[in-house]
Amino acid sequence: MSQTTLSSKQREDLVRTLKARFENNVNRHKGLAWPQVQAKLEANAATLWSLNEMERTGGEPDVVGHDKNTGEYIFFDCSAESPTGRRSLCYDREALESRKEHKPKNSAMDMAATMGIELLTEGQYRELQKLGNFDAKTSSWVKTPSAVRKLGGALFCDRRFDTVFLYHNGAESYYAARGFRGSLRV
């Protein structure tokens, strides 16, 4: 079994978890039906592996949309706070390598790439916040425009005072309460 392959039991357990979450959070995906989502999942083992990585690191992935043009279902991390297994990370590889001491274990962009997912954009993060209250005590890195990144910065969001905020920080910074949320199209 390769690193990106799940055993049949792991696949069954994951699909069962995703189905329960789908059924318990219908407000996130009004008008969508589980059998079509499950059929898409079972047709792509690599996608299941990525979803399992999202789950394993505390993301609680759930369906938040359907792209009618491509037929793909869109999953976001829907954990109440930034996923616990993806915190204390700087923004990207360049930021990680620029740190001379007290380096974090990884970067958000590298970890997302390894998992086969994308960081949420600011727009996606704001869409997620319409489905519930997320990151009331934590924050999450979001995909940063290249012009900001070129100047050494990176962006993150959180929800405070019933408002979604977008902030900036040095890309090399990292905090115990900052992680990242991902998206995956299936």
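What counts as what
- Residues numbered from 1 in each chain as written.
- Predicted model: local features only at pLDDT ≥ 70, side-chain atom pairs only at ≥ 80, totals over all residues.
- Heavy atoms only, no water.
- Helix = DSSP H or I, 4+ residues; strand = E, 2+ residues; numbered from the N terminus.
- Rg over C-alpha atoms; globule rule 2.2 N^0.38 Å.
- Areas by Shrake-Rupley, 256 points an atom, 1.4 Å probe, with all protein chains shown as cover.
- Lys, Arg positive; Asp, Glu negative; His and termini not counted.
- Charge placed at Lys NZ, Arg CZ, Asp CG, Glu CD.
- Pairing = 2+ DSSP bridges.
- Contact = heavy atoms within 4.5 Å.
- Axes fitted to C-alpha atoms, helices over the stretch in contact; angles between N-to-C directions.
- Buried < 20%, exposed > 50% of the residue type's maximum accessible area, 1.4 Å probe, protein only.
- Arc of directions from axis to C-beta.
- Phe/Tyr/Trp six-rings, centres within 6.5 Å; stacked < 30°, edge-to-face > 60°.

1. Looking at the overall build of the protein chain
Step number 1: If you tally the helices and strands in the protein chain, you get seven helices and eight strands.
Step number 2: In terms of overall size, the protein chain behaves like a compact globule, its C-alpha atoms giving a radius of gyration of 16 Å where 186 residues would be expected to give roughly 16 Å.
Step number 3: With respect to the principal axes defined by its C-alpha atoms, the protein chain has extents near 50 × 40 × 30 Å.
Step number 4: For the protein chain, the exposed area adds up to about 9500 Å²; of that, 51% sits on carbon and sulfur atoms.
Step number 5: The centroid of the 28 positive side-chain charges in the protein chain is displaced by 1 Å from the centroid of its 24 negative side-chain charges.

2. Describing the sheet that holds strand β2 (residues 73-77)
Step number 1: With respect to topology, four strands assemble into an open sheet ordered β1-β2-β8-β3, the strand pairing being antiparallel. Two strands lie at the open edges of the sheet, namely β1 (61-66) and β3 (118-119), each paired on one side alone.
Step number 2: Relative to β1, helix α1 (residues 8-24) is tilted by about 60°, and along the sheet it contacts β1 and β2.

3. Quick look at helix α2 (residues 34-42)
Step number 1: Buried residues of α2: Trp34, Val37 and Leu41, and no others. All buried residues of α2 lie within an arc of 65° about the axis, which places them on one face of the element. Facing away from the buried side of α2 by over 90 degrees, the exposed positions are Pro35 and Glu42.
Step number 2: In this fold, the buried residues of α2 make contact with α1, α3 (45-56), β1 and β2.

4. Side note on the packing of aromatic side chains
Step number 1: Evaluated as defined, the whole model comprises five aromatic pairs.
Step number 2: Arranged with centres 6.1 Å apart and planes meeting at 85°, the rings of Trp141 and Phe156 form a pair that is edge-to-face. Remark: Phe156 occurs in strand β5 (residues 153-160) and Trp141 occurs in strand β4 (residues 139-142); sequence separation between them is 15 residues. Of the two residues, Trp141 and Phe156, both sit in the buried class.

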